[in-house]
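Geometric and topological summary
Here is how the chains run, residue by residue.
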Amino acid sequence: MPSPTQRALAKVPAGLRPFLVRHRRLVKFLMVGGLCFALTTVLDFTLKFTVLERKPVVALTVATVAGTAVSYVLNRQWSFRATGRRREALLFVLVSAVAVVVNDLPLIASRYLLELREPQVTAFTQEVADFLSGMVVGTFVAMLFRFWAMQRWVFTRTAEPAVAPAEQPQWIP
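Residues numbered from 1 in each chain as written. Predicted model: local features only at pLDDT ≥ 70, side-chain atom pairs only at ≥ 80, totals over all residues. Heavy atoms only, no water.

**Comments concerning the overall build of the chain**
- A tally of regular secondary structure across the chain gives six helices and zero strands.
- Overall, the chain shows an N-to-C arrangement of helices and strands of α-α-α-α-α-α.
- Relative to its 173 residues, the chain shows a buried fraction of 35%.
- In the chain, the proportion of contacts linking residues at least 24 apart, taken out of those at least 6 apart, comes to 73%.
- Roughly 10,800 Å² of accessible area belongs to the chain as shown, and the carbon and sulfur atoms make up 69% of that amount. (Helix = DSSP H or I, 4+ residues; strand = E, 2+ residues; numbered from the N terminus. Buried < 20%, exposed > 50% of the residue type's maximum accessible area, 1.4 Å probe, protein only. Contact = heavy atoms within 4.5 Å. Areas by Shrake-Rupley, 256 points an atom, 1.4 Å probe, with all protein chains shown as cover.)

Below, the structure is given as structure tokens:
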């Protein structure tokens, strides 16, 4: 019985399959990131329009920390398939703390340096600027930093593959 990954690859155009197989760690990382991006966006808007209405940077930070916690579990178990290391969780927390700051910087710049906030701009413009700076630009830059740092310092020892590279099936449906 094919794995979920094999079933998904069977639906991808044949010319793209070798690239996806060759860069599967990156593809998995991006899939986890997409899920966590959606979770962070929902939490950010929920907090921003309720209990943290006057504190958009705090709302983004709380949402990003929650998304990061989910990403740790998914990246460790699936994207990087890491074997246990004593310092792994501490290193993940340190890298993630830096990434949260990196994620917040574009929102801080948008709100407080460029003054894209009420009353200087309309409420709609403020929300668009917040989303683009915090969720799009901030998340993108933090994602690049996280992928590099996770491979470099956190998930350095990966589990042995279930199938030796020479025995891996060709992804042809």
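**So, a nonpolar patch on the surface**
- Residues F124, V128, L132, V136, V137, F140, V141 and L144 make up a contiguous nonpolar surface patch of roughly 720 Å² in combined accessible area.
- Relative to the helices and strands, V141 resides in helix 6 (residues 123–154).
- Taking relative accessible area as the criterion, V141 reaches 39% and is therefore assigned partly exposed. (Patch = residues over 30% accessible without salt bridge, like charges linked within 9 Å, V, L, I, M, F, W, Y side chains within 5 Å. Salt bridge = Lys/Arg side-chain N within 4 Å of Asp/Glu carboxyl O.)

**Comments concerning the packing of helix 5 (residues 88–113) against helix 6**
- Packing of helix 5 against helix 6 brings their axes to within 8 Å, and their N-to-C directions diverge by 155 degrees. Viewed along their axes, helix 5 and helix 6 adopt a mutual orientation that is roughly antiparallel. For the pair helix 5 and helix 6, the sense of crossing is right-handed.
- Of the residues assigned to the contact of helix 5 with helix 6, the class counts are 18 nonpolar, eight polar and five charged. (Axes fitted to C-alpha atoms, helices over the stretch in contact; angles between N-to-C directions. Parallel < 35°, antiparallel > 145°, perpendicular 65-115°, else oblique. Left-handed = near helix turned anticlockwise from the far one by under 90°. Nonpolar A, V, L, I, M, F, W, Y, C, P; charged D, E, K, R; others polar.)

**Remarks on the packing of helix 4 (residues 56–79) against helix 5**
- In the contact formed by helix 4 and helix 5, the axes pass within 10 Å of each other and the chain directions differ by 145 degrees. Between helix 4 and helix 5 lies a crossing of right-handed hand. The residues of helix 5 that touch helix 4, namely those facing P56, V57, L60, T61, T64, V65, T68, S71, Y72 and R76, are E88, A89, F92, S96, V100, N103, D104, L107, I108, R111 and Y112.
- Residue composition of the contact of helix 4 with helix 5, by class: 11 nonpolar, six polar and four charged.

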